[in-house]
Amino acid sequence: MSLREQLCEYGRRAVELGLVIGTSGNLSVRQGDLVAVTPSGVALDRLTPELCPIVDVSGHLVEGDTQPSSETPMHLAVYETTDALAVVHTHSVFGTVVATTMTELPPVHYNALALGGVVKVAEYATYGTPELAANVRAALEGKQAALMANHGGVTIGPTLEQAFEATRLLEWLCEVYVRGLGVGKPAILTDDQLAAVVERAQNPPAFPRRP
Ligand SMILES: [Zn+2]
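Residues numbered from 1 in each chain as written. Predicted model: local features only at pLDDT ≥ 70, side-chain atom pairs only at ≥ 80, totals over all residues. Heavy atoms only, no water.

### Considerations on the coordination of the zinc ion
Then comes step 1: Bound to the zinc ion on the protein side are His 89 (NE2), His 91 (NE2) and His 151 (NE2), at distances that span 2.1 Å.
Then comes step 2: Each donor residue of the zinc ion belongs to the same chain, with the gaps between them written as H-x1-H-x59-H. On the criterion of sequence distance, the pair formed by His 89 in strand S5 (residues 86-90) and His 151 in the loop between strand S8 (145-148) and strand S9 (152-157) is long-range, its members being 62 residues apart. Grouping residues by exposure puts His 89 and His 151 together as buried. (Donors = N, O, S within 2.8 Å, 3.2 Å for Na, K, Ca; no water. Helix = DSSP H or I, 4+ residues; strand = E, 2+ residues; numbered from the N terminus. Buried < 20%, exposed > 50% of the residue type's maximum accessible area, 1.4 Å probe, protein only.)

Right, dumping it as structure tokens:
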């Protein structure tokens, strides 16, 4: 699948799964020094490959007649400092709830390790600005996900599929935490408990074949 076809595929899925509404949210995927990004002002389930512009990593338009997403500077800032090859940004409900009420998402489930443990909330800045890009980049350091204060979430990955799955996981973790707060006081996993999970994952049980 071409980079632009991938944007159409995951754009559709993002809408289907309720991770974005209207023209909110944007995706990008990188190959070499080129980045295919979703266009500004087009709903993610209405994309066609031709509607998705291609920019280079320094932000020059290379191909396409549409304007790249207003959040493209944030995507490019992430590519500049990480080895990610895809970025997914949404205004998903539970992610945005956490991003508007807290300064971080604590690890209440061991699956949070897949995102780097604690997910930080990047300081608020106006959408599309270099300031927001810098804040997101700082919150993402060493992690696969960040939340953006009063805005939404962002995840990265080595492929668009993996960045997209990270967004689904981030939303699920936020939902578990927010719903947990409505029921009681969610227990937060300790560093020792998380280290034990890493240890366990590295040493899976052996099932020797019956002789
Ligand atoms: Zn946004």
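There is more to say, and it comes next.
### Quick look at the side chain of Ser 69
Then comes step 1: Relative to the assigned elements, Ser 69 resides in the loop between strand S4 (61-63) and helix H2 (72-81).
Then comes step 2: A polar atom in the side chain of Ser 69 sits 3.2 Å from the side chain of Asn 26.
Then comes step 3: When near neighbours in sequence (up to four residues on either side) are disregarded, Ser 69 contacts Asn 26, Val 37, Thr 38, Pro 39 and Ser 40. (Polar contact = N/O pair within 3.5 Å; in protein donor to acceptor, adjacent residues only side chain to side chain. Contact = heavy atoms within 4.5 Å.)

### As for the layout of surface pockets
Then comes step 1: In this structure, the largest pocket spans a volume of roughly 190 Å³.
Then comes step 2: Taken together, 16 residues form the lining of the largest pocket, with Thr 23, Ser 24, Gly 25, Asn 26 and Ser 70 sitting closest to its centre.
Then comes step 3: Counted by class, the lining of the largest pocket contains four nonpolar, eleven polar and one charged residues. (1 Å grid on protein atoms, 1.4 Å probe; cavity = no way out; pocket = protein on both sides within 12 Å on 5 of 7 lines; lining within 4 Å. Points joined across faces, edges and corners; volume = space filled by probe spheres on them. Nonpolar A, V, L, I, M, F, W, Y, C, P; charged D, E, K, R; others polar.)

### Quick look at the pattern of salt bridges
Then comes step 1: Overall, the coordinates contain six salt bridges when judged by the stated rule.
Then comes step 2: One salt bridge connects Glu 165 with Arg 13, and the closest N-O pair in it is separated by 3.9 Å. Taken together, the residues span a long stretch of sequence, with Glu 165 in helix H5 (residues 160-183) and Arg 13 in helix H1 (residues 3-16) at a distance of 152 residues.
Then comes step 3: When the shortest N-O distance is used, the salt bridge between Arg 168 and Glu 165 registers 3.5 Å. Of this pair, Arg 168 and Glu 165 are both found in helix H5, three residues apart, which corresponds to roughly one turn of the helix.
Then comes step 4: Judged by relative accessible area, which is 31%, Glu 165 ranks as partly exposed. (Salt bridge = Lys/Arg side-chain N within 4 Å of Asp/Glu carboxyl O.)

### Some remarks on unusual backbone geometry
Then comes step 1: The phi dihedral of Asn 150 is positive, around 55 degrees, even though this residue is not glycine.
Then comes step 2: Along the chain, Asn 150 falls in the loop between S8 and S9.

### A look at the packing of H2 against helix H4 (residues 130-140)
Then comes step 1: Remark: H2 packs on H4, axes separated minimally by 9 Å, with the N-to-C direction vectors making an angle of 40 degrees. One way to sum up the angle between H2 and H4 is to call them oblique. Read as a crossing pair, H2 and H4 show a hand that is right-handed. Judged by residue contacts, Pro 73, Met 74, Ala 77, Val 78, Glu 80 and Thr 81 of H2 engage Ala 133, Val 136, Arg 137 and Leu 140 from H4. (Axes fitted to C-alpha atoms, helices over the stretch in contact; angles between N-to-C directions. Parallel < 35°, antiparallel > 145°, perpendicular 65-115°, else oblique. Left-handed = near helix turned anticlockwise from the far one by under 90°.)

### So, the UniProt feature "domain: Class II aldolase/adducin N-terminal" (unreviewed entry) in the protein chain
Then comes step 1: The UniProt feature table records "domain: Class II aldolase/adducin N-terminal" (unreviewed entry) at residues 5-178.
Then comes step 2: From the first C-alpha to the last, residues 5-178 spans 34 Å; its make-up is 35% helix and 21% strand. (UniProt positions renumbered as here; feature names shortened; annotations may be inferred.)

### Structural notes on the packing of aromatic side chains
Then comes step 1: Counted under the stated rule, the structure contains one aromatic pair.
Then comes step 2: Arranged with centres 5.2 Å apart and planes meeting at 50 degrees, the rings of Tyr 10 and Phe 164 form a pair that is tilted. One end of the pair, Tyr 10, is in helix H1; the other, Phe 164, is in helix H5, and 154 residues separate them in sequence. (Phe/Tyr/Trp six-rings, centres within 6.5 Å; stacked < 30°, edge-to-face > 60°.)

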